[in-house]
Amino acid sequence: MYIAMNRFRVNPERVEEFEQLWLERETHLQGLPGFEAFHMLRGPEREDHVLYASHTVWRSREDFEAWTRSEAFRKAHASAGQSKREGLYLGPPAFEGFEVIQTVDNEEKDP
């Protein structure tokens, strides 16, 4: 399993805009080989920014890397540099990729 994560430092005055942008965007992820889940996470608020992280779970690093070379990736990121977003982010997103080395599941799952 591979987890791909981007951290975003967002202008605190534009949090609603950021969240709406992500809630309304087309991800182009459903049905891709190896894609398992996507989460957008809201983190701590600091004086100068609010921290967010996008988190995708893939069956393997190879599946993630294949997606980054795909047409679906290009479509999902087509508007990434639009000028209307100037001042929304405090710098570029910070990418971090993780190979999962251990998973602990809840043994008592809902039926």
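In the annotation of an unreviewed UniProt entry, the chain is listed under the name Heme-degrading monooxygenase HmoA and assigned to Halomonas campaniensis.

Engineer: I'm lost on the pattern of salt bridges in this one. Help?
Structural biologist: This structure, assessed with the given rule, holds seven salt bridges. A salt bridge links glutamate 65 to arginine 61; the nearest nitrogen and oxygen atoms lie 3.1 Å apart. Placement of both glutamate 65 and arginine 61 in helix H2 (residues 61–68) is noted, with a separation of four residues, approximately one turn of the helix. Take glutamate 65: its relative accessible area is 30%, and that puts it in the partly exposed class. On the basis of relative accessible area, arginine 61 is assigned to the partly exposed category, the value being 37%. With its nearest N and O atoms 3.7 Å apart, the salt bridge here joins glutamate 99 to arginine 61. Of this pair, glutamate 99 sits in strand S4 (residues 94–99) while arginine 61 sits in helix H2, and the two are 38 residues apart along the sequence. Several salt bridges converge on common partners, so that one network encompasses Arg61, Glu65 and Glu99.

Engineer: I tried to follow the side chain of threonine 56 on my own but got confused; where do I start?
Structural biologist: When you line up the elements, threonine 56 lands in strand S3 (residues 50–58). A polar contact is formed between the side chain of threonine 56 and the side chain of tryptophan 58, at a distance of 2.9 Å. Those residues in contact with threonine 56 that lie beyond four places of it in its chain are Tyr2, Ile3, Ala4, Leu29, Phe35, Ala37 and Phe38.

Engineer: What should I look at first to understand the packing of aromatic side chains in this one?
Structural biologist: The geometry of two aromatic rings is summed up by the distance between their centres and the angle between their planes. Under the defined criterion, the tally for this structure stands at 14 aromatic pairs. When the centroid spacing of 5.7 Å and the interplanar angle of 10° are considered together, the rings of phenylalanine 64 and phenylalanine 95 count as stacked. Here the residue phenylalanine 64 occupies a position in helix H2, and phenylalanine 95 occupies one in strand S4, the gap between them amounting to 31 residues. Among the residues examined, phenylalanine 64 registers a relative accessible area of 11% and is labelled buried.

Conventions adopted
- Residues numbered from 1 in each chain as written.
- Predicted model: local features only at pLDDT ≥ 70, side-chain atom pairs only at ≥ 80, totals over all residues.
- Heavy atoms only, no water.
- Salt bridge = Lys/Arg side-chain N within 4 Å of Asp/Glu carboxyl O.
- Helix = DSSP H or I, 4+ residues; strand = E, 2+ residues; numbered from the N terminus.
- Buried < 20%, exposed > 50% of the residue type's maximum accessible area, 1.4 Å probe, protein only.
- Polar contact = N/O pair within 3.5 Å; in protein donor to acceptor, adjacent residues only side chain to side chain.
- Contact = heavy atoms within 4.5 Å.
- Phe/Tyr/Trp six-rings, centres within 6.5 Å; stacked < 30°, edge-to-face > 60°.

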